[in-house]
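# What the coordinates show
As a plain string of letters, each chain reads:
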Amino acid sequence: MKANKIALGLLGGLAAGAVVGILFAPAKGSDTRKKIQQKGSDYADNLKDKFENLSGSLKSNYDKIVHNGKDLVAESKSKFDDIKSINP
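Residues numbered from 1 in each chain as written. Predicted model: local features only at pLDDT ≥ 70, side-chain atom pairs only at ≥ 80, totals over all residues. Heavy atoms only, no water.

### Structural notes on the overall build of the protein chain
When you go through the protein chain residue by residue, the secondary structure sums to two helices and zero strands. For the protein chain, the C-alpha radius of gyration of 26 Å lies well beyond 12 Å, the compact-globule estimate for 88 residues. Here the C-alpha coordinates of the protein chain stretch approximately 90 × 25 × 10 Å along the principal axes. Residue burial in the protein chain is summarised as follows: out of 88 residues, 2% are buried. Of the roughly 7800 Å² of accessible surface on the protein chain, a fraction of 64% belongs to carbon and sulfur atoms. (Helix = DSSP H or I, 4+ residues; strand = E, 2+ residues; numbered from the N terminus. Rg over C-alpha atoms; globule rule 2.2 N^0.38 Å. Buried < 20%, exposed > 50% of the residue type's maximum accessible area, 1.4 Å probe, protein only. Areas by Shrake-Rupley, 256 points an atom, 1.4 Å probe, with all protein chains shown as cover.)

### Some points on a negative patch on the surface
Judged by side-chain charge, Asp42, Asp45, Asp49 and Glu52 come together as a negatively charged surface patch. Looking at the element boundaries, aspartate 49 is found in helix α2 (residues 29–86). (Patch = residues over 30% accessible without salt bridge, like charges linked within 9 Å, V, L, I, M, F, W, Y side chains within 5 Å. Salt bridge = Lys/Arg side-chain N within 4 Å of Asp/Glu carboxyl O. Lys, Arg positive; Asp, Glu negative; His and termini not counted. Charge placed at Lys NZ, Arg CZ, Asp CG, Glu CD.)

### Some points on a nonpolar patch on the surface
Among the surface-exposed residues, Leu10, Leu11, Leu14 and Tyr43 lie close enough to one another that they form a single nonpolar patch of about 390 Å² accessible area. The element contributing the most residues to the nonpolar patch is helix α1 (residues 2–23), with three residues. By the element assignment, tyrosine 43 lies in helix α2. Residue class for tyrosine 43 comes out partly exposed when judged on its relative accessible area of 35%.

### Quick look at the pattern of salt bridges
Pairing between side chains of opposite charge can happen when their charged atoms approach one another. One pass over the structure, following the stated rule, counts two salt bridges. Residue aspartate 63 pairs with lysine 59 through a salt bridge whose shortest N-O separation is 3.1 Å. On the criterion of helical spacing, the pair formed by aspartate 63 and lysine 59 is a turn pair, its members being four residues apart in helix α2. Between glutamate 75 and lysine 79 there is a salt bridge, and its shortest N-O distance comes to 3.3 Å. Residue glutamate 75 and its partner lysine 79 are located together in helix α2, separated by four residues, close to a single helical turn. The class for glutamate 75 is partly exposed, based on a relative accessible area of 43%.

### What to know about the environment of alanine 25
Mapped onto the elements, alanine 25 comes out in the loop between α1 and α2. You can call alanine 25 partly exposed: its relative accessible area is 29%. Separated by 14 residues in the primary sequence, alanine 25 and leucine 11 have C-alpha atoms spaced 21 Å apart.

### Concerning the environment of asparagine 46
With respect to the secondary-structure elements, asparagine 46 resides in helix α2. Judged by its relative accessible area of 35%, asparagine 46 is partly exposed. Sequence separation between asparagine 46 and histidine 67 is 21 residues, and the spatial gap between their C-alpha atoms is 32 Å.

All quantities given are derived from atomic positions and should not be read as evidence of function.
This is the structure in structure tokens:
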């Protein structure tokens, strides 16, 4: 969790630095606005990709847990039936 906060803080700092750098660069206002819009779009796309990767990873882990749980239940039931047949 701490690493996530550090990464998020780092990304926020980079974004703020990029915006400040663009705002103070000697360029026309329209060019600066286009650059800011492009950077914002790039960050949004990057965030969307990261969210999709995280979502896929969570789904994959969930599917593994469900599969392992079903296997464990089946194995436990089999052992229970074996014990039950030995001791009627």
